[in-house]
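Summary of structural features
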Amino acid sequence: MADFDQELDASGLNCPLPILRAKKTLNAMASSQVLHVIATDPGSVKDFDAFAKQTGNELVESKEDSGKFHFLIKKS
Amino acid sequence: MEQKKLAIIATKGSLDWAYPPFILASTAAALGYEVQIFFTFYGLQLLKKKLALEVTPLGNPGMPMPMGMDKWFPVLGLTLPGMQGMMTSMMKKKMQSKGVASVDELRDLCQEAEVKLIACQMTVDLFDLNTADFIDGVEYAGAAAFFEFAGESDICLYI
């Protein structure tokens, strides 16, 4: 996995908490910094894709690794 | 791009129905929407500082019941005293074990994200509700005020 500036472990949390926590964490980050989110909610795959499209933050990577979902989001 | 707007009318005051307005409002706010929720009738219960929301299986054949109770347990049995409290605590436990946020938490997140919470003044008066029991930051208004925002909204939901 590529480099990131901050990490958010949203494992065990269900919709819409992973998105809300990610948004809050991004708010405190600087433009072009990268946030790594870890989640276990299968719905988060489509949700982070939709979140990125609607907020203009770039979803750099989205992958599953041994039951966990990993997202790299670059703040716009 | 102009900020999108979401207008919600929340009319129900049970534990299960407390979720849709707060989940959608908090998520929309995270996506950059300006959001207002207009609470009327039983929805006003969702504004109380001390939430005492319950869920009832009565009149709700779609509610999944533990241990296949919906198959063998007579509907009349659901009217027994204490049944609603039991169902409520089971539902809360289930939600916690699945990582679903509490209503309090989602409501806090809405307020943090500057979702505007508006109580219908007419139903507050109708039910003799004490506004001192409501959380801080609630505004009081009527139908015309709702339309001022809803008329400009991109999405408008009645829940």
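Residues numbered from 1 in each chain as written. Chains lettered and ligands numbered in written order. Predicted model: local features only at pLDDT ≥ 70, side-chain atom pairs only at ≥ 80, totals over all residues.

Glancing now at helix H1 (residues 15-30) of chain B. Because each turn of an α-helix spans 3.6 residues, side chains separated by three or four positions in sequence point in the same direction. For H1(B), spanning 16 residues, the distance from its first C-alpha to its last is 23 Å, which sits close to the expected 22 Å at 1.5 Å a residue. The buried count for H1(B) comes to 12 of 16 residues, which makes it a mostly enclosed element. If you check which residues of H1(B) are buried, you get Leu15(B), Ala18(B), Pro21(B), Phe22(B), Ile23(B), Leu24(B), Ala25(B), Ser26(B), Thr27(B), Ala28(B), Ala29(B) and Ala30(B). At its buried positions, H1(B) is contacted by helix H1 (17-27) of chain A together with strand E1 (5-10), strand E2 (34-39), helix H3 (83-97), helix H4 (103-112) and strand E5 (155-158) of chain B. (Helix = DSSP H or I, 4+ residues; strand = E, 2+ residues; numbered from the N terminus. Expected span 1.5 Å × (residues − 1). Buried ≥ 20, exposed ≤ 12 C-beta atoms within 10 Å, placed from the backbone. Contact = placed C-beta atoms within 7 Å.)

This next bit is on the UniProt feature "domain: UPF0033" (unreviewed entry) in chain A. The UniProt record marks residues 7-75 of chain A with the feature "domain: UPF0033" (unreviewed entry), using the residue numbering of this structure. Regarding residues 7-75 of chain A, the helix share stands at 33% and the strand share at 36%, and the terminal C-alpha atoms are separated by 13 Å. (UniProt positions renumbered as here; feature names shortened; annotations may be inferred.)

Quick look at the sheet that holds strand E4 (residues 68-74) of chain A now. All names here are of chain A. Taken together, four strands build an open sheet; the order of strands is E1-E2-E4-E3 and the sheet is mixed. In this open sheet, the two edge strands, each paired with only one partner strand, are strand E1 (6-10) and strand E3 (58-65). On average, each strand axis in the sheet is tilted by 15 degrees relative to the strand beside it, whichever way the strands run. As defined by bridge partners, E1 adjoins strand E2 (residues 34-39) across five bridges and the pair is classed as parallel. When the bridges of E2 are listed, Ala-10 appears paired with Ala-39. (Pairing = 2+ DSSP bridges. Axes fitted to C-alpha atoms, helices over the stretch in contact; angles between N-to-C directions.)

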